[in-house]
Amino acid sequence: MAPFDLKEEILRLKEKRNAIILAHSYQTGDIQDMADYVGDSLGLAYKAQNTDCDVIAFCGVHFMAETAKILNPDKTVILPDADAGCSLEASCDAGELEAFLKENAHKNYYVVAYVNCSIGVKALADVIVTSGNAVKIVSQAPEDRPILFVPDQNLGAWVSRQLGRPLELWNGACHVHMEFTRDQILALKEKHPGVPVVAHPECTEAVRLLADHICSTEKMIPYCTENPAKSFIIVTESGILHRLRKLVPGKEFIPAPTEQCSCSTCPYMKMNTLEKLYLALRDLSPAVELPKDLRRRAEAPLLRMLEQSQ
Ligand code: 13P
Ligand code: SF4
């Protein structure tokens with residue numbers, strides 16, 4: 001009997017299921033290399049919206065697969081590990097947000113939700129943003145209403161500063177990006193003088209202030225391609241290094257360390273494996289299922305984002 005080749009089996013099942021494999025930039029290199037498309041949350045949402053495949057195999061965290069399902073209620077959306085959550089999503093409970101909005105109904109908030117949130121939170125939002133389009137989307141918010149930005153206080157503060165418009169911020173954060181500290185980045189800058197620092201907007205302000213460029217994972221690729229520098233300090237989850245090294249050859253990418261580790265890893269993103277992807281394609285499980293009414297309510301702000309982001 002021919003030996004079992006995991007990658008070949010994944011490709012065979014992909015064909016059989018008429019599936020597309022989507023992967024976030026924080027996935028492991030072997031998963032990224034199997035994917036039909038690798039990107040940031042925004043690119044992945046567009047791909048999910050426009051695919052004509054029957055099955056979307058989503059290699060990312062749960063809220064990303066959920067977003068694909070909101071946009072594709074009639075397709076099967078599977079993710080390799082159903083427990084791949086997100087600490088930022090967990091920092092905003094839909095019930096708590098609903099109670100807050102009720103209590104403050106007189107303020108008539110325009111609610112902007114970062115896509116890293118649950119379907120319940122999306123359903124309460126006026127518009128969704130990703131890190132790749134947050135400034136553009138918030139700049140289109142009604143001027144006569146106060147904005148409540150949930151759940152990421154760091155992304156919200158960065159957007160507020162970019163636009164010079166005050167935003168009320170939910171007290172949420174990504175535990176992975178919160179681990180980067182100003183002292184560690186300063187030490188790395190000292191070790192590599194003149195090397196540009198590229199950071200994700202989920203980092204704290206103390207870290208953002210040290211960055212030469214702040215952007216979503218996807219936008220790091222053109223920035224590092226077009227910038228004449230030969231080395232870059234990258235302040236985000238380590239999965240992006242695989243893409244940067246592949247797509248921007250001949251340049252050096254230095255991961256920013258955290259207290260615990262020489263680079264930063266998102267434990268949720270790393271729950272997915274090729275083996276689990278194979279099993280998900282074989283069994284069409286775990287699949288994302290959503291309550292009809294909630295899906296419909298979450299779809300409206302998501303579609304508003306995709307329209308306004310063009
Ligand atoms: P992107 O919007 O850059 O894909 O980032 C998503 C994310 O989860 C960052 O932690
Ligand atoms: Fe969530 Fe942070 Fe992981 Fe991104 S890096 S998926 S925000 S926990």
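Residues numbered from 1 in each chain as written. Chains lettered and ligands numbered in written order. Predicted model: local features only at pLDDT ≥ 70, side-chain atom pairs only at ≥ 80, totals over all residues.

**With respect to the environment of Q153**
Here Q153 shows up in helix α9 (residues 153–163). C-alpha of Q153 to C-alpha of C174: the two residues are 21 residues apart in sequence and 9.4 Å apart in space. In this structure Q153 touches L169, W170, N171, G172 and A173, once residues within four positions along its chain are discounted. (Helix = DSSP H or I, 4+ residues; strand = E, 2+ residues; numbered from the N terminus. Contact = placed C-beta atoms within 7 Å.)

**What to know about the confidence of the model for the chain**
Averaged over every residue, the pLDDT of the chain is 96; residues scoring 70 or more account for 100%. Two numbers describe this predicted complex: its pTM, 0.96, and its ipTM, 0.97. (pLDDT = per-residue confidence, 0-100.)

**Examining the site of ligand 1**
In the vicinity of ligand 1, the residues found are D40, S41, N116, T130, S131, G132, C174, H200, E202, S216 and T217. Considered class by class, the residues forming the shell around ligand 1 number one nonpolar, eight polar and two charged. For the shell around ligand 1, the two domains that each supply at least three residues are domain 2 (88–173) and domain 3 (176–255). (Near = placed C-beta within 6 Å. Nonpolar A, V, L, I, M, F, W, Y, C, P; charged D, E, K, R; others polar. Domains from an automatic or database assignment.)

**Description of the pairing of strand β11 (residues 231–235)**
For β11, the buried fraction is high: four of the five residues fall into the buried class. Note: strand β9 (residues 197–199) against β11, three bridges, orientation parallel. Bridge pairing in β11 places V197 opposite I233. Alignment of β11 against strand β12 (residues 252–255), held across four bridges, turns out to be parallel. If you follow S231 over to β12, its bridge partner there is E252. One crossover worth recording links β11 to the parallel β12 by way of helix α14 (residues 239–247), and it is right-handed. (Buried ≥ 20, exposed ≤ 12 C-beta atoms within 10 Å, placed from the backbone. Pairing = 2+ DSSP bridges. Right-handed = clockwise from strand over helix to strand, strands pointing away.)

**A short note on the sheet that holds strand β1 (residues 19–24)**
One open sheet accounts for four strands, arranged β2-β1-β3-β4; its pairing is parallel. Taken across any chain shown, the strands that pair with only one partner, and hence form the sheet edges, are β2 (37–39) and β4 (76–78). Across the sheet, the axes of successive neighbouring strands diverge by a mean angle of 20°, strand direction being ignored. Of the pairings in the sheet, the one linking β1 to β2 comprises three bridges and is parallel in character. Looking at the pairing, A23 lines up with V38 of β2. Taken strand by strand, helix α4 (residues 62–71) contacts β1, β3 (55–59) and β4, and its axis lies near 160° from that of β3. (Axes fitted to C-alpha atoms, helices over the stretch in contact; angles between N-to-C directions.)

**Some details on the sheet that holds strand β8 (residues 168–169)**
Judged by pairing direction, the sheet is parallel, and its four strands sit side by side in the order β6-β5-β7-β8 without closing on themselves. Where the open sheet ends on each side, the last strands, each with one partner, are β6 (127–129) and β8. Pairing of strand β7 (residues 147–150) with β8, which is carried by two bridges, proceeds in the parallel orientation. Counterpart to F149 in the pairing with β8 is L169. Strands β5 (110–114) and β6 of the sheet are contacted by helix α16 (residues 292–308), whose axis makes an angle of about 55° with β6.

**Here's the deal with the nonpolar core**
By size, the foremost hydrophobic cluster in this structure holds 92 residues, and its most contacted members are A57, F58, V112, V129, V150 and V235. Looking at this core element by element, the count peaks at six residues for α4. If sequence neighbours within four positions are ignored, V235 has contacts with F180, I185, V197, V198, A199, H200, C203, V207, A211 and A256. (Core = buried A, V, L, I, M, F, W, Y, C linked by C-beta atoms within 7 Å.)

**A word on the domain arrangement of the chain**
When cut into domains, the chain gives domain 1 (6–84 + 269–290), domain 2 (88–173) and domain 3 (176–255). Put simply, the middle of domain 1 and the middle of domain 2, counted by C-alpha atoms, are 27 Å apart. The interface of domain 1 with domain 2 comprises eight residues on the first partner and nine residues on the second. Mapped onto the side of domain 1 that touches domain 2, the elements with two or more residues apiece are α3 (41–50) and α4. Among the elements that take part in the side of domain 1 that touches domain 2, α4 stands out by supplying four residues, more than any other. Its residues placed into classes, the side of domain 1 that touches domain 2 shows four nonpolar, two polar and two charged.

**Let's talk about the site of ligand 2**
Lining the immediate surroundings of ligand 2 are 13 residues, of which C86, L88, C174, V176 and C266 lie closest. Taken together, the elements giving at least two residues each to the shell around ligand 2 come down to α5 (87–90) and α10 (175–178).

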